[in-house]
Amino acid sequence: MSGYSPDEKLRVEQITKLRRQWLKDQELSPREPVVKPQAHGALGKFWAGFLEPKSLWRLYTYKAYRGGVFAITRVLIPAWIIHYYMKYHVAKRPYGIVELKPKLFPGDTILETGEVVPDLPESHGHH
């Protein structure tokens, strides 16, 4: 006895037909998927209009963002690094680092003005 019995053949045909129908049902039509439109509030309407492709707001916002990124990454940060390096590693006398001024005593001469520092007044009665 070889092959399937009539009941087995019928069963295989039915399963094959069901599988083909199932695979055919998995294909989406051009109308699918069906999505219900959502009612937008004021904020939702703003964002829906704002995020439309090629909208004026979106283009200008993107241009401003790109300009800001360019200014920070290609101008400000390199300028800061160069300034820092020049100030603290190259300059002989950096203005950010203040050395102690020389002490002045009575009778010394101030170099910039040529004045002589007067003597301290004599005070009696204090320690």
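Residues numbered from 1 in each chain as written. Predicted model: local features only at pLDDT ≥ 70, side-chain atom pairs only at ≥ 80, totals over all residues. Heavy atoms only, no water.

S.K.: Tell me about the overall build of the protein, and please be specific about residues and values.
M.R.: The secondary structure content of the protein amounts to 3 helices and 0 strands. Ordered by position from the N terminus, the helices and strands of the protein form the series α-α-α. Taken over the C-alpha trace, the protein has a radius of gyration of 44 Å; the compact-globule value for 127 residues is 14 Å, which it surpasses by more than 25%. With the principal axes as the frame, the protein shows a C-alpha extent of 135 × 50 × 40 Å. Each of the 127 residues in the protein was classed as buried or not, and the buried ones make up 3%. As presented, the protein carries roughly 13400 Å² of accessible surface, and 62% of it is formed by carbon and sulfur atoms. The averaged location of the 13 negative side-chain charges in the protein is 14 Å from the averaged location of its 19 positive side-chain charges. (Helix = DSSP H or I, 4+ residues; strand = E, 2+ residues; numbered from the N terminus. Rg over C-alpha atoms; globule rule 2.2 N^0.38 Å. Buried < 20%, exposed > 50% of the residue type's maximum accessible area, 1.4 Å probe, protein only. Areas by Shrake-Rupley, 256 points an atom, 1.4 Å probe, with all protein chains shown as cover. Lys, Arg positive; Asp, Glu negative; His and termini not counted. Charge placed at Lys NZ, Arg CZ, Asp CG, Glu CD.)

S.K.: How would you explain the packing of aromatic side chains if you had to name every residue and give the values?
M.R.: The tally for this structure, following the rule as stated, stands at 2 aromatic pairs. With a centroid separation of 5.0 Å and 50 degrees between ring planes, the pair formed by Tyr 84 and Tyr 88 is classed as tilted. In this pair, Tyr 84 and Tyr 88 are both assigned in helix α3 (residues 56-90), 4 residues apart and thus about one turn of the helix distant. Residue class for Tyr 88 comes out partly exposed when judged on its relative accessible area of 36%. (Phe/Tyr/Trp six-rings, centres within 6.5 Å; stacked < 30°, edge-to-face > 60°.)

S.K.: An account of a nonpolar patch on the surface is requested, with residue identities and associated values reported.
M.R.: A cluster of nonpolar side chains, namely Phe 70, Ile 72, Val 75, Leu 76, Ile 77, Trp 80, Ile 81, Tyr 84 and Tyr 88, defines an oily patch on the protein surface of about 920 Å² accessible area. Within the fold, Ile 77 resides in helix α3. (Patch = residues over 30% accessible without salt bridge, like charges linked within 9 Å, V, L, I, M, F, W, Y side chains within 5 Å. Salt bridge = Lys/Arg side-chain N within 4 Å of Asp/Glu carboxyl O.)

S.K.: Quick one: what's the story with the confidence of the model for the protein, residue by residue and with numbers?
M.R.: Counting all residues, the mean pLDDT for the protein is 85, and 91% of those residues have values of 70 or more. Within the protein, the element-level pLDDT minimum falls on helix α2 (residues 42-50), averaging 80, and the maximum on helix α1 (residues 6-26), averaging 94. (pLDDT = per-residue confidence, 0-100.)

S.K.: Tell me about α3, and name the residues and values.
M.R.: Here α3 spans 48 Å end to end across 35 residues, near enough to the 51 Å set by a 1.5 Å rise per residue. Its axis deflected by about 35 degrees at Ile 72, α3 carries its strongest bend there. (Expected span 1.5 Å × (residues − 1). Bend = angle between axes of the 7 residues up to and from the residue.)

S.K.: Give me the environment of Thr 73: which residues, what numbers.
M.R.: By the secondary structure assignment, Thr 73 is in helix α3. Thr 73 sits in the partly exposed class, given a relative accessible area of 41%. Each C-alpha atom of the pair Thr 73 and Thr 61 lies 18 Å from the other, and the pair is 12 residues apart in sequence. Polar contacts involving the side chain of Thr 73 include one to the main-chain carbonyl oxygen of Val 69, which spans 2.7 Å. (Polar contact = N/O pair within 3.5 Å; in protein donor to acceptor, adjacent residues only side chain to side chain.)

S.K.: Outline the side chain of Ser 55, supporting the account with residue identities and numerical values.
M.R.: Looking at the secondary structure, you find Ser 55 in the loop between α2 and α3. Classification of Ser 55 by relative accessible area gives buried; the value is 13%. Separated by 3.2 Å, the side chain of Ser 55 and the backbone oxygen of Glu 52 make a polar contact. When near neighbours in sequence (up to four residues on either side) are disregarded, Ser 55 contacts Gly 49 and Phe 50. (Contact = heavy atoms within 4.5 Å.)

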